[in-house]
Amino acid sequence: MRSILFLAAALAASGCRGGGGGKDAGAGWPDAGPDGSDDLDASDGSDASDGSDSDWLGNCAERAFSTQDPFADCVEAFAPAGGASFGHDALPDVVLGPPEGGGEYKQSTDVASLGCGGSITLFFAQPSIVDGPGPDFIVFENAFYAYGSDETYAEPAQVSVSDDGVAWTAFPCDTGSGWPPAGCAGVMPVYSTPDNGVDPLDPGTAGGDAFDLSDIGVTSAHYIRLDDRTAELTGGGAPCNGDKAGFDLDAIAVVNGGRSHP
Ligand SMILES: [Ca+2]
Ligand SMILES: [Ca+2]
Ligand SMILES: [Ca+2]
């Protein structure tokens, strides 16, 4: 079912490019997707550069992982919507590993677009996420400031977590609050990138949107799900059109990580 959804979205996207305007067109994204090259290692060692091959998708808890980096390890589920296709051919690596932020005024292109109403679920093997002091994980999208504005072009998503992939707890995400949409991911620019030495695990400097499990009464999590809420914030329109529609996931970092997956 997941692969059917994926193919359906890809087919829809091929006939639904263009649109633009707003955040995506304004920043001059390349028309083509990422070139597929990636210096990040696939966590399961499989070749997943071909988005049509979904052997990297799902069953994350049953997979063996050779890496123990503090980033997402596996894509458990992917359900893009509305013609979004950007970065999909680079999955899963494009959403694993560290953020590749572009700073205050420039958005990362090392992302996968969810489309308005789309969702993605990431799995964290080792370390998983635990409730420690302060924020426990950071979600990196590619929001950025327009020159002369103190608001970002935000394409928000609601964040939910689960320890077992069955029972979920959501962080409240208020898209009706104006900017910033309170409690949502996809709001703040990303400053950390592998080339600039900014620690991707420091919520004070990395950028992105940090979340504290204690805010929702959760002690540990192996899964994070992102559900796009862009249409609720923007009323649809340009941010929901084209191959880069909706929330664009760059990476998720584990700030407070503990036990390994059993
Ligand atoms: Ca915490
Ligand atoms: Ca987008
Ligand atoms: Ca990325």
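Residues numbered from 1 in each chain as written. Chains lettered and ligands numbered in written order. Predicted model: local features only at pLDDT ≥ 70, side-chain atom pairs only at ≥ 80, totals over all residues.

Participant: Looking at this structure, how should I read the overall build of the chain?
Facilitator: In terms of helices and strands, the chain carries 3 helices and 12 strands. Restricting the contact set of the chain to residue pairs at least 6 apart, pairs at least 24 apart contribute 79%. (Helix = DSSP H or I, 4+ residues; strand = E, 2+ residues; numbered from the N terminus. Contact = placed C-beta atoms within 7 Å.)

Participant: Just checking my understanding: could you explain the sheet that holds strand 12 (residues 251–254) for this structure?
Facilitator: Sheets are built from strands paired through backbone hydrogen bonds, the pairs being either parallel or antiparallel. Strand order in the open sheet formed by 3 strands is 8-5-12, with antiparallel pairing between adjacent strands. On the outer flanks of this sheet lie strand 8 (209–211) and strand 12, each paired with one strand and no other. Going from strand to strand, the sheet's axes swing by 20° on average, the running direction of each strand aside. Examined bridge by bridge, strand 5 (residues 137–140) and strand 12 share 4 bridges and lie antiparallel to one another. Directly across from Ile 138, in strand 12, lies its bridge partner Ala 253. (Pairing = 2+ DSSP bridges. Axes fitted to C-alpha atoms, helices over the stretch in contact; angles between N-to-C directions.)

Participant: How should I be thinking about the pairing of strand 6 (residues 157–162) in this particular structure?
Facilitator: The side chains of a regular strand alternate, first on one face of the sheet and then on the other. One ladder, built from 6 bridges, connects strand 6 with strand 10 (residues 223–228); its direction is antiparallel. When the bridges of strand 10 are listed, Ser 160 appears paired with Arg 225. In the sheet, strand 6 pairs with strand 7 (residues 169–170) via 2 bridges, with the strands oriented antiparallel. Paired with Ser 160 across the strands is Ala 170, a residue of strand 7. From the end of strand 6 to the start of strand 7, which pair antiparallel, there are 6 residues, and Gly 165 there has a positive phi angle of about 80°.

Participant: Would you mind showing me how to read the sheet that holds strand 1 (residues 74–79) here?
Facilitator: Taking strand neighbours across the sheet as the criterion, the 5 strands line up as 1-3-10-6-7 in an open arrangement whose pairing is antiparallel. Each edge of the open sheet is held by one strand with a lone partner, namely strand 1 and strand 7.

Participant: So what exactly am I meant to see when it comes to the pairing of strand 3 (residues 119–123) here?
Facilitator: Most of strand 3 sits inside the fold, with 5 of its 5 residues counted as buried. Here strand 3 shows no split at all, with Ser 119, Thr 121 and Phe 123 on one side and Ile 120 and Leu 122 on the other all buried. In the sheet, strand 1 pairs with strand 3 via 5 bridges, with the strands oriented antiparallel. Along strand 3, the bridge assignment pairs Ala 79 with Ser 119. As paired strands, strand 3 and strand 10 are joined by 5 bridges and run antiparallel to one another. By the bridge assignment, Phe 123 is partnered in strand 10 with Tyr 223. (Buried ≥ 20, exposed ≤ 12 C-beta atoms within 10 Å, placed from the backbone.)

Participant: Would you mind going over the environment of Glu 100 with me for this structure?
Facilitator: Within the element layout of this structure, Glu 100 appears in the loop between strand 1 and strand 2 (112–113). Overall, Glu 100 belongs to the buried group, with 23 C-beta atoms counted inside 10 Å. Each C-alpha atom, one on Glu 100 and one on Pro 194, is 6.5 Å from the other, the two residues being 94 residues apart in sequence. If we ignore the near neighbours within four places in the chain, the residues touching Glu 100 are Ser 108, Asp 110, Thr 193, Pro 194 and Asp 250.

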